[in-house]
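Structural overview
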Amino acid sequence: MTDEQLPELRASDADRERVAERLRDALAEGRLDMEEFGERLEATFKSRTYAELEPITRDLPVAGSAGTVAPAGSAASVSPGGWAGRIGGEGTSKWAVAIMAGFQRKGYWTVPRRFTSFAFWGGGVIDLREARFAEREVVINCIAIMGGVQVIVPPGVEVDVRGFGLMGGFDQREVGEPGEPGAPRVVVTGFAFWGGVGVERRLARAEKQRLKAERRQQKLEKGNGEDRKELD
């Protein structure tokens, strides 16, 4: 805290916004959960002095310090700008099977050059939103017989669906958009018989939390603004 930021001095809106930004970063990095983030954010916009603001981020590392560097594959590297850090390495697993049961591949895992899944009277989920990719282009082979497989990709990834369905199908309605520079390319192929393979885009968990946090902050700012008008 500088000489100009003595504890008893009044904090400005810009000061409160800087604290809120650090809280958003901490949420995206997994340092805070949504409940604690909400409590601290509310306290931030209720703070009137530097003394009230300072404890809110006391246990959080300063942005850009060694304490905020996220390991490869963590939630902080999920953003589209971090594609280079998500390509390379050995595949976590090369196949998944669901026979009258189910399987899931999600979270922080590495997609191999070729991944094969088989679902018979069962279902599976292949979630790539927080995954790493062994190579720039990976192939996911889905075989669904009286069952289903769902492939979830994050925004920015290029997707090429080549599967064939017989009394079944491959649903790719939500993936028709070009990939971002440097992003992985995912080829979905395979066969569906009396079953289906769905491919869709969804935001990563960290991005959903960030957007939710921004909406909550906007509501708080709006409410505080109305309170100040009443006081005026």
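This report concerns the structure included in the present document. Position numbers for residues count from 1 along each chain, tracking the sequence in the order it is written. With the structure being a predicted model, the display of local features is reserved for residues of pLDDT at least 70 and the display and counting of side-chain atom pairs for 80 or more, all residues being used for whole-chain, interface and lining totals. With hydrogens and water stripped out, all remaining heavy atoms of the structure feed into the side-chain values.

**Here's the deal with the sheet that holds strand E2 (residues 102–105)**
Spelled out, the test is: Between any two strands, pairing holds if DSSP finds at least two bridges. Secondary structure elements follow DSSP: runs of H or I no shorter than four residues count as helices, runs of E no shorter than two count as strands, and numbering proceeds from the N terminus. For helices, the axis comes from a line fit to the C-alpha atoms of the stretch in contact; other axes are also lines fit to C-alpha atoms, and the angle between any two N-to-C directions lies between 0 and 180 degrees.
Strand order in the open sheet made by the five strands is E2-E5-E8-E13-E11, with parallel pairing throughout. Two strands bound the open sheet, and with one partner strand each, they are E2 and strand E11 (169–171). Each adjacent strand pair in this sheet contributes to an overall mean axis angle of 10°, direction not counted.

**Thoughts on the environment of Pro-154**
Note the threshold: The contact criterion used throughout is that any non-hydrogen atoms of two residues lie within 4.5 Å.
Among the secondary structure elements, Pro-154 is positioned in the loop between strand E8 (148–153) and strand E9 (158–161). Sequence separation between Pro-154 and Leu-203 is 49 residues, and the spatial gap between their C-alpha atoms is 5.7 Å. For Pro-154, the residues in contact, after removing those within four places along its chain, are Trp-83, Leu-128, Arg-129, Arg-201 and Arg-202.

**What to know about the side chain of Arg-86**
Applicable threshold: To sort residues, take the accessible area from a 1.4 Å probe on protein chains only and compare it with the maximum for the residue type: under 20% means buried, over 50% means exposed, and anything in between is partly exposed. Under the counting rule used here, the positive set is Lys and Arg, the negative set is Asp and Glu, and His together with the chain ends is not counted. The salt bridge criterion pairs a side-chain nitrogen of Lys or Arg with a carboxyl oxygen of Asp or Glu, the two atoms within 4 Å. Under this definition, polar contacts are N or O atom pairs within 3.5 Å; protein pairs additionally need one hydrogen-donor-capable and one acceptor-capable atom, and for neighbouring residues in sequence, both atoms have to be side-chain atoms.
In this structure, Arg-86 sits in the loop between helix H3 (50–53) and strand E1 (95–99). For Arg-86, which is buried and forms no salt bridge, the nearest opposite charge comes from Asp-127, at a distance of 8.0 Å. Within the structure, the side chain of Arg-86 is placed 2.5 Å from the backbone oxygen of Ala-131, a separation counted as a polar contact.

**Brief notes about the pattern of salt bridges**
A complete count under the given rule lists twelve salt bridges for this structure. The partner of Asp-15 in a salt bridge is Arg-18, and the shortest N-O contact between them spans 2.2 Å. With Asp-15 and Arg-18 both in helix H1 (residues 13–28) and three residues apart, the pair spans about one turn of that helix. Classification of Arg-18 as partly exposed rests on a relative accessible area of 49%. Between Asp-127 and Arg-129 there is a salt bridge, with its nearest N and O atoms 2.7 Å apart. In terms of burial, Asp-127 and Arg-129 fall into one category: buried. Through salt bridges that share partners, Glu-137, Glu-158, Asp-160, Arg-162 and Arg-185 make up one connected network.

**Details of the packing of aromatic side chains**
Our working definition: Only Phe, Tyr and Trp rings take part, Trp by its six-membered ring, and two of them pair if their centres are within 6.5 Å. Stacked means planes under 30 degrees apart, edge-to-face means over 60, and tilted covers everything else.
If you walk through the whole model with that rule in mind, you get four aromatic pairs. Look at Phe-164 and Phe-191: their rings are 6.0 Å apart centre to centre, the planes differ by 20°, and that puts the pair in the stacked class. With Phe-164 in strand E10 (residues 164–166) and Phe-191 in strand E12 (residues 185–193), the pair connects residues that are 27 residues apart, well separated along the chain. A residue is classified by how much of its surface remains accessible, and Phe-191, at 29% relative accessible area, is partly exposed. Ring centres of Phe-193 and Trp-194 lie 5.6 Å apart, and the angle between their planes is 5°; this geometry places the pair in the stacked category. Residue Phe-193 is classed as partly exposed on the basis of its relative accessible area of 24%.

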